[in-house]
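Each chain is listed here by its residues.
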Amino acid sequence: MSQDPTPDTQRRSGMVALVGRPNVGKSTLVNALVGEKVSIVTPKPQTTRHRIIGVLTEGETQIALVDTPGMHTQQKTALNRVMNETAVASLAGIDVVLFVVEAGQWRDEDAAALARLARLDCPVGLIVNKTDRFKDKTELLPFMEKASAQRAFDFVVPLSAQRRDNLDALRHELTSRMPDGPYLFPEDEYTDRNMRFLAAEAVREKLTLFLQQELPYSVAIEIESFESGPEQIEIHACIWVARDNHKSIVIGKGGAMLKKIGRAARLDLVHRLDHRVDLRLWVKVRDNWIDSEAAVRELGH
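The model shown is predicted, which means the values in this text are computed figures rather than measured ones.

Peer 1: If you had to explain the side chain of aspartate 67 to someone new, which residues and values would you point to?
Peer 2: Tracing the sequence through the fold places aspartate 67 in strand β3 (residues 61-67). An unpaired buried charge is present at aspartate 67: no salt bridge exists, and lysine 26, the closest side chain of opposite charge, is 5.8 Å distant. Discounting chain neighbours no more than four positions away, the residues touching aspartate 67 are Lys26, Ser27, Val30, Ser39, Thr48, His50, Arg51 and Ile52.

Here you go:
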């Protein structure tokens, strides 16, 4: 006879938000903790545009990790403003906040992001990421002391998300602070996002990796159709750009760049979905969409 499922009263679950300036490794940390690719990751700042939840379920504890856009001081476009609003709004109903910084780097943007946490009454932990850049860990001590003094943090964990160093210490801190209660998500799920969203993000990740520095920030991906059949999944996606000259850059000479982007995104999706994928891409122009809040929200941000 099978055992009865564990009563909800014996379970613990909670929401944990990762915040900080752009490019400190929040998405890499979420992916490392969950053990799945929840958020896309590139070396360029402001890759994360959305509030994405990665779900970590171990034993009788479930931790919902909320990956947020990096908080930045410059709000030149409507897209920047919406991303900042998303990051701040993600703090509502949170049980623990992880303030993530880059080892050895304390900037004005770090201070500005930390200031937004001043009124929170939930535990806030300091996460010093990218410690693998320091061969001699004693060289980190002055920075750790400086960063720790910026607020009365509830705990401090130095780690390397990329190399998955010291993640157990962070899991212990989080597990011990999760409130009693039922799981927030089915225990076999690792994210709150559906396959359409993951497909769009896969395309945007390759755009960000392959295109020149500024262009990726003015593109958006819209999944026009997602058909799942027994033989393969057929996905039609539109790449929206903000200017006519951007369209030719994305397509490339003889369509070479668009083919490169499509091939890499398709292989990524085949791996993630464990299914054959037919991915078809189109490029369209929507003039200066990043400066229109209505357009930004209409395109899914």
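Peer 1: Can you explain the nonpolar core? Please cite residues and give values.
Peer 2: Within the largest apolar cluster, 28 residues are counted, with the highest numbers of intra-cluster contacts made by Val97, Phe99 and Leu117. For this core, the secondary structure elements donating two or more residues are β1 (12-19), β2 (52-58), β3, β4 (96-102), α3 (108-115), β5 (124-129) and α4 (141-148). Ignoring any residue separated from it by four or fewer positions in sequence, one finds phenylalanine 99 in contact with Val19, Gly20, Trp106, Asp110, Ala113, Leu114, Leu117, Val124, Gly125, Leu126, Ile127 and Phe153.

Peer 1: Explain the sheet that holds strand β6 (residues 155-158) to me, and be specific about the residues and the numbers.
Peer 2: One open sheet accounts for six strands, arranged β2-β3-β1-β4-β5-β6; its pairing is mixed. Two strands in the sheet have a free side with no partner beyond their single neighbour: β2 and β6. Across the sheet, the mean angle separating the axes of adjacent strands is 25° when strand polarity is ignored.

Peer 1: An account of the environment of threonine 131 is requested, with residue identities and associated values reported.
Peer 2: Structurally, threonine 131 can be placed in the loop between β5 and α4. Spatially, the C-alpha atom of threonine 131 lies 5.3 Å from that of serine 160, the residues being 29 residues apart in sequence. If near-sequence neighbours (up to four positions away) are discounted, threonine 131 is found in contact with Ala103, Lys137, Leu140, Pro158, Leu159 and Ser160.

Peer 1: Summarise a positive patch on the surface; cite the residues concerned and give the values.
Peer 2: A cluster of basic side chains, namely Lys259, Arg263, Arg266 and Arg276, defines a positive patch on the protein surface. Tracing the sequence through the fold places arginine 276 in the loop between α8 (256-273) and β9 (277-285). Residue classification places arginine 276 among the exposed positions, given a relative accessible area of 55%.

Peer 1: Which residues make up the layout of surface pockets, and what are the values?
Peer 2: There is about 610 Å³ of room inside the second largest pocket. By residue number, the principal contributor to the lining of the second largest pocket is helix α1 (residues 26-34), which donates five residues. Taken together, the residues of the lining of the second largest pocket break down into nine nonpolar, 15 polar and nine charged.

Peer 1: Can you tell me about the sheet that holds strand β8 (residues 233-241), naming the residues and giving the values?
Peer 2: If you trace the three strands from one edge of the open sheet to the other, you get β7-β8-β9, paired in mixed fashion. Here the strands that pair on one side only, and so sit at the sheet edges, are β7 (219-228) and β9. If you compare each strand with its neighbour and ignore which way they point, the axes differ by 20° on average. Sheet analysis places β8 next to β9, joined by nine bridges and oriented parallel.

Peer 1: Give me the lowdown on the packing of aromatic side chains, citing residues and values where you can.
Peer 2: The description of an aromatic ring pair rests on the distance of the ring centres and on the angle between the ring planes. Enumeration over the complete set of coordinates arrives at two aromatic pairs. Aromatic pair phenylalanine 99 and phenylalanine 153: ring centres 6.4 Å apart, planes at 15°, arrangement stacked. Here phenylalanine 99, found in strand β4, pairs with phenylalanine 153, found in the loop between α4 and β6; they are 54 residues apart in sequence, far enough to count as distant. In this pair, the class of phenylalanine 99 matches that of phenylalanine 153, namely buried. Across the ring face of tyrosine 183, the terminal group of arginine 11 is positioned such that the distance to the ring centre comes to 4.0 Å.

So, how was this worked out
- Residues numbered from 1 in each chain as written.
- Predicted model: local features only at pLDDT ≥ 70, side-chain atom pairs only at ≥ 80, totals over all residues.
- Heavy atoms only, no water.
- Helix = DSSP H or I, 4+ residues; strand = E, 2+ residues; numbered from the N terminus.
- Buried < 20%, exposed > 50% of the residue type's maximum accessible area, 1.4 Å probe, protein only.
- Lys, Arg positive; Asp, Glu negative; His and termini not counted.
- Salt bridge = Lys/Arg side-chain N within 4 Å of Asp/Glu carboxyl O.
- Contact = heavy atoms within 4.5 Å.
- Core = buried A, V, L, I, M, F, W, Y, C linked by side-chain atoms within 4.5 Å.
- Pairing = 2+ DSSP bridges.
- Axes fitted to C-alpha atoms, helices over the stretch in contact; angles between N-to-C directions.
- Patch = residues over 30% accessible without salt bridge, like charges linked within 9 Å, V, L, I, M, F, W, Y side chains within 5 Å.
- Areas by Shrake-Rupley, 256 points an atom, 1.4 Å probe, with all protein chains shown as cover.
- Charge placed at Lys NZ, Arg CZ, Asp CG, Glu CD.
- 1 Å grid on protein atoms, 1.4 Å probe; cavity = no way out; pocket = protein on both sides within 12 Å on 5 of 7 lines; lining within 4 Å.
- Points joined across faces, edges and corners; volume = space filled by probe spheres on them.
- Nonpolar A, V, L, I, M, F, W, Y, C, P; charged D, E, K, R; others polar.
- Phe/Tyr/Trp six-rings, centres within 6.5 Å; stacked < 30°, edge-to-face > 60°.
- Lys NZ or Arg CZ within 6 Å of the ring centre and 35° of its normal.

Just geometry here; none of it tells us what the structure is for.
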